[in-house]
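Fold and geometry: a report
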Amino acid sequence: MMSVAASSMLGGNRGMGGMGDAGHGGAGRGVVTGKYFNFKPLPPPADILGNPLVVSNLPTHKLPKETFGSRVKRFLARMNLGSQSAETRLRWKLYDTIQATMASLSPAVTLVAEKRAPVKKKLSVPVVVVRHPYHLRHVFEMLPNIPDGFAAERRFIELLMTRALKRYGEQMALIKGSAFSFENEAREYFFAGFKLEKQIKKVNSPDEKFAALQAIYTNYFHGRNYYYFALLRRERLAPDNKLFMLFARAVYFMARIDWNGELLEKPNPRALPSRNDMLFFVERDKSVVTRYRTDQDFQRQVKAALEAFPAS
């Protein structure tokens with residue numbers, strides 16, 4: 001997330017599919033009965049575009065400008081001269097993130113990421129080939145943690161992500177021959193994971209339990225990411241979609257899975273997103289905000305869900 005909701009974002013198939021992602025590719029550190037628990041599943045194969053994602057209407061006119069003084073400080077820093085504050089280094093990283101993201105989504109596309117678009121200087125953030133939003137996970141993870149002092153940069157990065165997600169949705173609609181909705185995808189993954197979670201107590205075999213936990217984790221992993229995408233794409237979510245509550249439940253359960261693939265009684269506090277991280281999602285989910293203002297029972301549910309996460 002961005003902590004957990006966005007940190008380690010995106011990737012398998014619904015139901016028990018996704019267990020195949022527990023192999024060596026992208027595997028986690030834990031080893032159980034000769035298997036690796038995968039904490040970073042790859043994107044669902046059916047959702048990966050055949051060609052790199054190109055966004056032709058990049059909002060360059062709203063690009064935050066780096067000052068002359070900042071460029072001079074960068075030059076001196078490359079020669080190991082002078083000292084820079086943490087705030088200055090973060091500002092540079094945000095500028096690099098903006099430039100690298102724009103280059104990754106540029107119409108100047110080739111299969112070699114570094115040649116996709118001209119970048120005048122060496123960046124601290126990679127230029128990548130984007131065939132699924134997962135490939136920009138480093139940007140999604142950064143968004144919730146950008147301080148208020150960098151509001152202009154945060155707004156621009158969020159605008160870039162919105163444009164990319166809208167274009168991705170258009171491409172998926174063409175491939176599938178019907179409207180594509182991150183909301184619908186997220187709901188299906190959440191319900192698939194929840195259905196498997198209800199059966200976990202009936203599983204006794206260590207191997208079967210490991211596979212079941214991997215399938216649950218993979219479904220919840222995709223569900224939380226697609227929910228995040230739905231919010232940034234600004235989809236008009238159904239008023240009673242309950243996605244935020246499903247999201248909170250999923251993230252809480254995922255934090256109960258230990259590094260070795262075992263299910264803990266309580267979540268690992270360090271694996272939980274903070275309350276502020278969760279508020280990032282609440283504030284962008286208009287269906288939650290609207291209902292929260294008029295439904296007292298729902299207010300209590302949301303407050304209870306938020307209180308389950310550690311304060312910053």
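Residues numbered from 1 in each chain as written. Predicted model: local features only at pLDDT ≥ 70, side-chain atom pairs only at ≥ 80, totals over all residues. Heavy atoms only, no water.

1. Focus: unusual backbone geometry
- Not every positive phi belongs to a glycine, and Arg-234 is a case in point at roughly 65°.
- Inspection of the secondary structure assignment puts Arg-234 in the loop between helix H6 (206–232) and helix H7 (243–254).
- Phi at Lys-242 is positive, roughly 60°, even though this residue is not glycine. (Helix = DSSP H or I, 4+ residues; strand = E, 2+ residues; numbered from the N terminus.)

2. Thoughts on the packing of H6 against helix H8 (residues 275–284)
- Viewed as axis vectors pointing N to C, H6 and H8 meet at an angle of 45°, and their least axial separation amounts to 9 Å. On the basis of the axis angle, H6 is oblique to H8. The two elements H6 and H8 cross, and the hand of that crossing is left-handed. Seen from H6, the contacting residues are Tyr-227, Tyr-228, Leu-231 and Leu-232; seen from H8, they are Phe-280, Phe-281 and Arg-284.
- In terms of residue class, the contact of H6 with H8 is built from 6 nonpolar, no polar and 1 charged. (Axes fitted to C-alpha atoms, helices over the stretch in contact; angles between N-to-C directions. Parallel < 35°, antiparallel > 145°, perpendicular 65-115°, else oblique. Left-handed = near helix turned anticlockwise from the far one by under 90°. Contact = heavy atoms within 4.5 Å. Nonpolar A, V, L, I, M, F, W, Y, C, P; charged D, E, K, R; others polar.)

3. Points about the packing of aromatic side chains
- Summed over the entire model, instances satisfying the criterion amount to 24 aromatic pairs.
- Across from the ring centre of Phe-280, 3.8 Å away, lies the NZ or CZ of Arg-284, which sits over that ring. (Phe/Tyr/Trp six-rings, centres within 6.5 Å; stacked < 30°, edge-to-face > 60°. Lys NZ or Arg CZ within 6 Å of the ring centre and 35° of its normal.)

4. Let's talk about the nonpolar core
- Phe-190, Tyr-227 and Phe-244 are the most contacted members of the largest nonpolar core, which totals 73 residues.
- Taken together, the elements giving at least two residues each to this core come down to helix H2 (86–104), helix H3 (137–142), helix H4 (151–176), helix H5 (182–197), H6, H7, H8 and helix H10 (296–307).
- With 15 residues, H6 is the largest single contributor of residues to this core.
- Looking at this core, you find at least three residues from each of domain 1 (38–179) and domain 2 (181–311).
- The residues contacting Phe-190, other than those within four sequence positions of it, are Tyr-220, Gly-223, Arg-224, Tyr-227, Leu-243, Leu-246, Phe-247 and Ala-250.
- In terms of nonpolar packing, the next biggest core, distinct from the first, is built from 5 residues, Ala-100, Ala-103, Leu-123 and Val-125 among them. (Core = buried A, V, L, I, M, F, W, Y, C linked by side-chain atoms within 4.5 Å. Buried < 20%, exposed > 50% of the residue type's maximum accessible area, 1.4 Å probe, protein only. Domains from an automatic or database assignment.)

5. A word on the pattern of salt bridges
- Inspection of the entire model under this criterion finds 12 salt bridges.
- One salt bridge in this structure joins Glu-87 and Arg-91, with 3.8 Å as the shortest N-O distance. Here Glu-87 and its partner Arg-91 are both found in helix H2, 4 residues apart, which amounts to about one turn of the helix.
- Arg-91 sits in the partly exposed class, given a relative accessible area of 23%.
- Between Glu-183 and Arg-187 there is a salt bridge, and its shortest N-O distance comes to 3.1 Å. One end of the pair, Glu-183, and the other, Arg-187, are both in helix H5, 4 residues apart, so they sit about a helical turn from each other.
- Among the charged side chains, a network of salt bridges with common partners joins Asp-47, Lys-176 and Glu-185. (Salt bridge = Lys/Arg side-chain N within 4 Å of Asp/Glu carboxyl O.)

6. Topic: the side chain of Ser-287
- Along the chain, Ser-287 falls in helix H9 (residues 286–294).
- Under the relative-accessibility criterion, Ser-287 is labelled buried at 11%.
- A distance of 2.4 Å separates the side chain of Ser-287 from the side chain of Asp-285, its partner in a polar contact.
- What Ser-287 contacts, discounting residues up to four positions off in sequence, is Leu-237, Ala-238, Pro-239 and Asn-241. (Polar contact = N/O pair within 3.5 Å; in protein donor to acceptor, adjacent residues only side chain to side chain.)

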